[in-house]
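What the coordinates show
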Amino acid sequence: MKAVVITGASSGIGFEIARLLSKNYFVIGIGRNENNCAHAKELIYSENPGAKIEYFIADLVQQKEVNRVAYEIQTYLENNDILELYGLINNAGCVRSWYTTSEEGYEQQFALNHLAGFLLTYRLLPLIIKAKGRIIMTGSQSHKGIKICWDDIMLRKRYNPLTAYKQSKLCNILFAKGLNDRFTSAGIRAYVVDPGLVRTDIGNKQAGFLVNLIWSIRKKYGVSPEIPAKTYEFLLETNPAPKGLYYCSCNEKTYSRQVTSENADRLFLLSEKLSGISYDRLEC
Amino acid sequence: MNVMITGASGGLGRVMVAECAERGYNLFITDINQAGLLSLKQGLERQFKVCVAAKACDLTKAESVDELMSFIDMHGIRFDMLINVAGIDYEGGFLSIDREKIIKIIALNNEATLRITHDILLRRRPGKRFTLIFVSSLASLYPMPLKATYAASKRFLLDFALALRHELKNKDVSVLTLCPGGLVTTKEAIRGISAQGFWGNATTNSLEIVARKTIGYALQGKSLYIPGLLNKILSLLGRLIPRSWAAALIYLRWSKAQVKWLR
Ligand SMILES: NC(=O)c1ccc[n+]([C@@H]2O[C@H](COP(=O)([O-])OP(=O)(O)OC[C@H]3O[C@@H](n4cnc5c(N)ncnc54)[C@H](OP(=O)(O)O)[C@@H]3O)[C@@H](O)[C@H]2O)c1
């Protein structure tokens, strides 16, 4: 049975992906809250008692936690004689109303929505390459219409929570592009899924009065998270591997013109520096 | 510029530190939790070209501060600025919090602040101007039922800072007191702000702006910084109406918000 890691698998889109994939895969979910994870696991088991699913707890905003959970997952896979990882879905994400930081002093939307996936992928990449596997980021249509603010990537000088969110979603595509530029030859592929507007509680968690209010209204128009989950399954199962980069409802979609190899390289360098790693030195 | 920051790895501490690093200052960061300090030091060195020293210290223990000072003296470090960020509060009315927790508020917010301020002033860089920053709170401006100890401890800092400013004026020391409203520093803080609904949101100040202006005003020699127009108005009202009325009003508002918050 192929193994897949899904971050943010305790609720929303990530949970639906876990639920769908647990029919055919060994699913390893990551969430930040023990109760939410236990509840999610219970729900999946109640529908499918034979499901293979395990949850790991980590606050992925903090880099130290990303490193810890990556190590725990590696050990867990080894102990279960699973020698490769077929899929990694970097889905955990957040919305903030104010400038808030991680323990390292990194802006939280950037830290969780982009850096966490960047670092987790690095830690698990040797296992993914062994499986000639696939890496999928949860992006968003909102990545369009903006540029990366290179000289102040945390946007500390002029913080706007929405810009920070959009920028983090642009980072998702740049990261996927950078991965493909570097590792397609090693047999892996990276994708970004635009889930569309989805009815989840993302804007009601740790957000202020206004964001909370707006999201409560907006999400009513969203689709059920089961809908986007299918696109992840499609990207994992279609053979040969789909050639595109950005998908919505199982179809390729156009993305921002900011997504160039040059910008991807620049983001790679910066993210490597901020995470204290180097993809070039990875031993696969 | 060599800057010492206490409470550096907390929410406000982290942005203050980033603001100083952005300005190219050398940093000495301290906090009670060693792991948080090391993550922060690493994050700073990866983002900015600055020199960062970090050492954990329990400021409420004299021996721990003595140890910190020997470390500083051993390395011959001298300072141009001290930012006193370390401080705590425990939610709940006077009788619903453990006795020792109540005492701890005073031990950290007041005693420890005096201890480190005294020691660092004695270690200022000779012949240079010194800038001293205290983090008080909007809560210092009136007596606050349900936050009685905390508000009084912040009042202590405000009065102390204003007095010390004059005492040290001819020694080329400038003293600024920051009195922010709500700050989005922790998950709990966000919960608290949300529980107060519109008013919570309206009195909340953006961390990164507060940090930038605090350092800016301190360098200009200002004595008091209350961020945000609404907070300035509230502080003015607090001065105009009798203190016992202010206390009664605040009790009304807070008792409602707390019921919602603790639910
Ligand atoms: N909803 C939409 O319309 C929409 C549109 C475009 C893109 N997206 C993207 O979709 C992704 C998932 O969002 P969603 O709408 O499904 O939101 P959600 O329901 O809030 O799910 C987010 C997931 O991430 C977890 N998480 C949050 N903070 C974390 C942390 N610090 N460490 C580890 N895990 C953490 C959450 O855990 P808990 O269960 O404990 O909260 C939850 O499992 C995000 O990347 C988002 O940007 C959503």
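In this numbering scheme, every chain counts its residues from 1 along its sequence in written order. All chains are assigned letters beginning with A, and all ligands numbers beginning with 1, in the order in which they are written. Only residues with pLDDT of at least 70 get local features here, since the model is predicted, and only at 80 or more are side-chain atom pairs given and counted; chain-wide, interface and lining totals rely on the full set of residues. Hydrogens and water are ignored here; the side-chain numbers use all heavy atoms of the structure.

Residues and elements named next belong to chain A. What makes a residue near a molecule or strand is one non-hydrogen atom of that residue sitting within 4 Å of it. Lining the immediate environment of the ligand, one finds 30 residues, of which Ser10, Ser11, Arg32, Tyr165 and Thr200 sit closest. As used in this structure description, the phrase polar contact means that two N or O atoms lie within 3.5 Å; if the pair is within protein, one of them must be able to donate a hydrogen and the other to accept it, and residues adjacent in sequence are counted only when both atoms belong to side chains. Ala58 is positioned such that a nitrogen or oxygen atom in its backbone is 3.3 Å from a nitrogen atom of the ligand. The fraction of the free accessible surface of the ligand (890 Å²) that becomes covered by protein chains is 97%. Only DSSP runs of H or I reaching four residues or more are called helices, and only runs of E reaching two or more are called strands; each is numbered from the N terminus. If you list the elements that add at least two residues to the shell around the ligand, you get α1 (12-21) and α5 (161-183). Three classes are used: nonpolar for Ala, Val, Leu, Ile, Met, Phe, Trp, Tyr, Cys and Pro, charged for Asp, Glu, Lys and Arg, and polar for all others, with Gly counted as polar. The residue inventory of the shell around the ligand, partitioned by class, reads 13 nonpolar, 13 polar and four charged. In this description, accessible areas are obtained by the Shrake-Rupley approach with a 1.4 Å probe, and a residue is regarded as covered only by the protein chains that are shown.

The next point concerns the sheet that holds strand β6 (residues 173-178) of chain B. Residues and elements named next belong to chain B. When DSSP finds at least two bridges between two strands, those strands are taken to pair. Pairing within the open sheet is parallel, and its seven strands lie in the order β3-β2-β1-β4-β5-β6-β9. Edge positions in the open sheet fall to β3 (52-54) and β9 (224-225), since each of these has one partner strand only. When strand β1 (residues 2-6) meets strand β2 (residues 26-29), the two strands line up parallel, connected through four bridges. Counted as the bridge partner of Asn2 is Asn26 from β2. Sitting on the sheet, helix α5 (residues 148-167) is in contact with β5 (130-135), β6 and β9, with an inclination near 160° to β5. Two residues form a contact once any of their heavy atoms are found within 4.5 Å. Each axis is a line fitted through C-alpha atoms, taken for helices only over the stretch in contact, and angles between the N-to-C directions span 0 to 180 degrees.

With that settled, consider the pairing of β5 of chain B. Residues and elements named next belong to chain B. Most of β5 is tucked away: six of the six residues are buried. Throughout this description, buried means an accessible area under 20% of the type-specific maximum (1.4 Å probe, protein chains only), exposed means over 50%, and partly exposed covers the range between. In β5, alternate side chains face the same way, and those of Phe130, Leu132 and Phe134 on one face and Thr131, Ile133 and Val135 on the other are all buried. As judged from the four bridges shared by strand β4 (residues 81-84) and β5, these two strands associate in the parallel manner. Bridge pairing in β5 places Leu82 opposite Leu132. Where the polypeptide runs from β4 across helix α4 (residues 99-121) and back to β5, its parallel neighbour, the crossover connection is right-handed. Viewed with both strands pointing away, a crossover whose connecting path from the first strand over the helix to the second turns clockwise is right-handed.

A separate point is the side chain of Thr101 of chain A. Mapped onto the elements, Thr101 of chain A comes out in the loop between β4 (87-90) and α4 (108-130). By relative accessible area, which is 6% here, Thr101 of chain A ends up buried. Not counting the four nearest positions on each side in its chain, Thr101 of chain A is found in contact with Tyr106, Glu107 and Gln108 of chain A together with Arg14 of chain B.

Turning our eyes to something else, we now look at empty space enclosed by the protein. All names here are of chain A. Cavities and pockets are defined on a 1 Å grid built over the protein atoms alone: a cavity is a set of grid points where a 1.4 Å probe fits but cannot escape, while a pocket is an open set with protein on both sides within 12 Å along at least five of seven lines, and lining residues are those with an atom within 4 Å of any such point. Grid points are joined across faces, edges and corners, and a volume is the space filled by probe spheres set on the points. Tallied over the entire structure, the rule returns one cavity of 30 Å³ or more. Volume-wise, the largest cavity comes out at about 80 Å³. As for the largest cavity, its lining consists of 14 residues, and the residues nearest its centre are Thr7, Asn90, Ala92, Leu112 and Gly117. Among the secondary structure elements, those contributing two or more residues to the lining of the largest cavity are α4, β5 (134-138) and α5.

Right, let's get into the packing of aromatic side chains. Working definition: rings of Phe, Tyr and Trp (its six-membered ring) pair if their centres are within 6.5 Å, and the pair is stacked with planes under 30 degrees apart, edge-to-face with planes over 60 apart, and tilted otherwise. Within the structure shown, the criterion is met by 19 aromatic pairs over all chains. These aromatic residues form a ring-pair network of at least three members: Phe118, Tyr122, Phe175, Phe183, Phe268 and Tyr279 of chain A. For the cation-ring pair, Lys147 of chain B lies above Tyr150 of chain B, with the distance from its terminal atom to the ring centre recorded as 5.1 Å. Lying across the ring of Tyr217 of chain B, Lys222 of chain B places its NZ or CZ 4.3 Å from the centre. Only lysine NZ and arginine CZ atoms are considered, and such an atom sits over a ring when it is within 6 Å of the ring centre and within 35 degrees of the ring normal.

Take the pattern of salt bridges next. By definition, a salt bridge exists where a carboxyl oxygen of Asp or Glu is found within 4 Å of a side-chain nitrogen of Lys or Arg. For the structure on display, the rule yields 24 salt bridges over all chains. Between Lys253 of chain A and Asp194 of chain A there is a salt bridge, and its shortest N-O distance comes to 2.6 Å. Highlighted residues: Lys253 of chain A in the loop between β8 (251-252) and α8 (261-275) and Asp194 of chain A in the loop between β6 (189-193) and α6 (209-218), separated in sequence by 59 residues. Through salt bridges with shared partners, a single ionic network connects Arg156 and Lys157 of chain A together with Glu19, Glu22 and Arg23 of chain B.

Each strand in a sheet pairs with its neighbour through backbone hydrogen bonds, running either in the same direction (parallel) or in the opposite one (antiparallel). Residues and elements named next belong to chain A. Strand order in this open sheet of eight strands is β3-β2-β1-β4-β5-β6-β7-β8, and the pairing throughout is mixed. Bordering the open sheet on either side are β3 (52-57) and β8, each of which pairs with just one other strand. Of the strand pairs in this sheet, β5 and β6 are connected by five bridges, and their pairing is parallel. Note on β6: the bridge partner recorded for Met137 is Val192. Across the sheet, helix α2 (residues 34-47) lies against β2 (26-31) and β3, angled at about 175° from β3, the strand it touches most. Across the sheet, helix α7 (residues 226-237) touches β1 (3-7), β4, β5, β6 and β7 (246-248), and the angle it forms with β5 is around 160°.

Residue and element names in this part refer to chain B. Axis separation between helix α3 (residues 62-74) and α4 bottoms out at 11 Å; the angle between their running directions is 20°. Here α4 runs roughly parallel to α3, going by the angle between their axes. The chirality of how α3 crosses α4 is right-handed. Contact residues: Ala62, Val65, Leu68, Met69 and Ile72 in α3; Arg115, Ile116, Asp119 and Ile120 in α4. Residue composition of the contact of α3 with α4, by class: seven nonpolar, no polar and two charged. In these notes the angle categories are as follows: under 35 degrees is roughly parallel, over 145 is roughly antiparallel, 65 to 115 is roughly perpendicular, and the rest is oblique. The hand of a helix crossing depends on one turn: near helix anticlockwise from the far one by less than a right angle means left-handed, and clockwise means right-handed.

Confidence scores per residue from the predictor, reported as pLDDT, run from 0 to 100. On average, residues of chain B carry a pLDDT of 91, and 97% of them reach 70 or more. Interface confidence for the predicted complex, given as ipTM, is 0.91, next to a pTM of 0.93.

Looking now at the environment of Glu45 of chain B. Residue and element names in this part refer to chain B. In this structure, Glu45 sits in helix α2 (residues 34-47). In this structure the C-alpha to C-alpha distance between Glu45 and Ala21, which are 24 residues apart in sequence, comes to 9.2 Å. If near-sequence neighbours (up to four positions away) are discounted, Glu45 is found in contact with Val50 and Val52.

Attention now moves to a nonpolar patch on the surface. The patch calculation keeps residues exceeding 30% relative accessible area without a salt bridge and links them within 9 Å when they carry like charges or within 5 Å when they are nonpolar (Val, Leu, Ile, Met, Phe, Trp, Tyr). On the surface, a cluster of nonpolar side chains totalling about 890 Å² of accessible area is made up of Phe209, Leu210, Leu213, Ile214, Ile217 and Tyr221 of chain A together with Phe198 and Trp199 of chain B. Residue assignment for the nonpolar patch shows that the elements contributing at least two residues are α6 of chain A together with α7 (197-202) of chain B. By the secondary structure assignment, Leu213 of chain A is in helix α6. Note on Leu213 of chain A: relative accessible area 45%, which makes it partly exposed.

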